[in-house]
Amino acid sequence: MFSRRQLVTAMAALAVTATTAIPAFALDRRVRIVNDTGYVLVEFYGSNKGSTSWEEDILGPDVLRTGQSVMIDFDDGTGYCKFDFKAIFDDGDELIRKGVNICEIGSYTYN
């Protein structure tokens, strides 16, 4: 049998854990992509670390001119927080960044 003190301590610990532990699937996966390069970003890809391909161009027919930004929701239902980014610019340059933790950042700037 638990003493009253042990029961209160256990309940307090449970309450703290329940309010501070956020499951990975509940994390915000929205990231603002900012183009500050002086070039037009014509294609953008974001694939979770478990993926073997870049999937589709997230911008589709749109482009991101210098000084512009777009909010992208990376929540693909997998629960992943680490994503690889690939940006292609109008001058043909490709920038790849691996392992971006989208659960910890609110924006990502190309400059």
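As shown above, the structure is provided for reference.
Residues numbered from 1 in each chain as written. Predicted model: local features only at pLDDT ≥ 70, side-chain atom pairs only at ≥ 80, totals over all residues. Heavy atoms only, no water.

Engineer: Before we go on, may I ask you to explain the sheet that holds strand β3 (residues 69–73) in this structure?
Structural biologist: Adjacent strands of a sheet pair through backbone hydrogen bonds, lying either parallel or antiparallel. Pairing in this open sheet of three strands is mixed, and the strands run β3-β1-β6 from one edge to the other. In this open sheet, the two strands that pair with only one neighbour each are β3 and β6 (107–110). The sheet shows a mean angle of 20° between the axes of neighbouring strands, direction not considered. Both strand β1 (residues 30–35) and β6 contribute to a ladder of four bridges, which runs parallel. If you follow Asn-35 over to β6, its bridge partner there is Tyr-110. (Pairing = 2+ DSSP bridges. Helix = DSSP H or I, 4+ residues; strand = E, 2+ residues; numbered from the N terminus. Axes fitted to C-alpha atoms, helices over the stretch in contact; angles between N-to-C directions.)

Engineer: Got a minute to help me understand the pairing of strand β5 (residues 94–101) in this structure?
Structural biologist: The side chains of a regular strand alternate, residue by residue, between the two faces of the sheet. The pairing of strand β4 (residues 82–89) with β5 spans six bridges and is antiparallel. From the neighbouring strand, Phe-85 faces β5, where its bridge partner is Arg-97. Joining the antiparallel neighbours β4 and β5 is a turn of four residues, in which Gly-92 adopts a positive phi near 95°.

Engineer: Where do I start with the pairing of β4 in this structure?
Structural biologist: A large share of β4 lies buried, amounting to seven of its eight residues. Bridging between strand β2 (residues 41–48) and β4 involves seven bridges; their strand directions are antiparallel. Bridging across to β4, Gly-46 finds its partner in Phe-85. (Buried < 20%, exposed > 50% of the residue type's maximum accessible area, 1.4 Å probe, protein only.)

Engineer: What's the story with the sheet that holds β2 in this structure? I'm lost.
Structural biologist: Overall, antiparallel pairing links the three strands, which are arranged β2-β4-β5 in an open sheet. Lying at the two open borders of the sheet, with one neighbouring strand each, are β2 and β5. Going from strand to strand, the sheet's axes swing by 15° on average, the running direction of each strand aside.

Engineer: What is the right way to read the state of the cysteines from this model?
Structural biologist: Simply put, disulfide is the name for a covalent bond between the sulfur atoms of two cysteines. Using the criterion set out here, one finds one disulfide in the structure. The side chain of Cys-81 participates in a disulfide bridge whose partner is Cys-103; the two sulfur atoms lie 2.0 Å from each other. Here Cys-81 and Cys-103 share a disulfide; its torsion about the S-S bond, -80°, makes the bridge left-handed. Separated by 22 residues along the polypeptide, Cys-81 in the loop between β3 and β4 and Cys-103 in the loop between β5 and β6 bring together distant segments of the chain. (Disulfide = S-S within 2.5 Å.)

Engineer: How do you make sense of the environment of Thr-37 when you look at a structure like this?
Structural biologist: Mapped onto the secondary structure, Thr-37 falls in the loop between β1 and β2. Between the C-alpha atoms of Thr-37 and Asn-111, which are 74 residues apart in sequence, the distance is 4.4 Å. With near-sequence residues (within four places) excluded, Thr-37 lies in contact with Thr-66, Phe-89, Tyr-110 and Asn-111. Polar contacts involving the side chain of Thr-37 include one to the side chain of Asn-35, which spans 2.7 Å. (Contact = heavy atoms within 4.5 Å. Polar contact = N/O pair within 3.5 Å; in protein donor to acceptor, adjacent residues only side chain to side chain.)

All quantities given are derived from atomic positions and should not be read as evidence of function.
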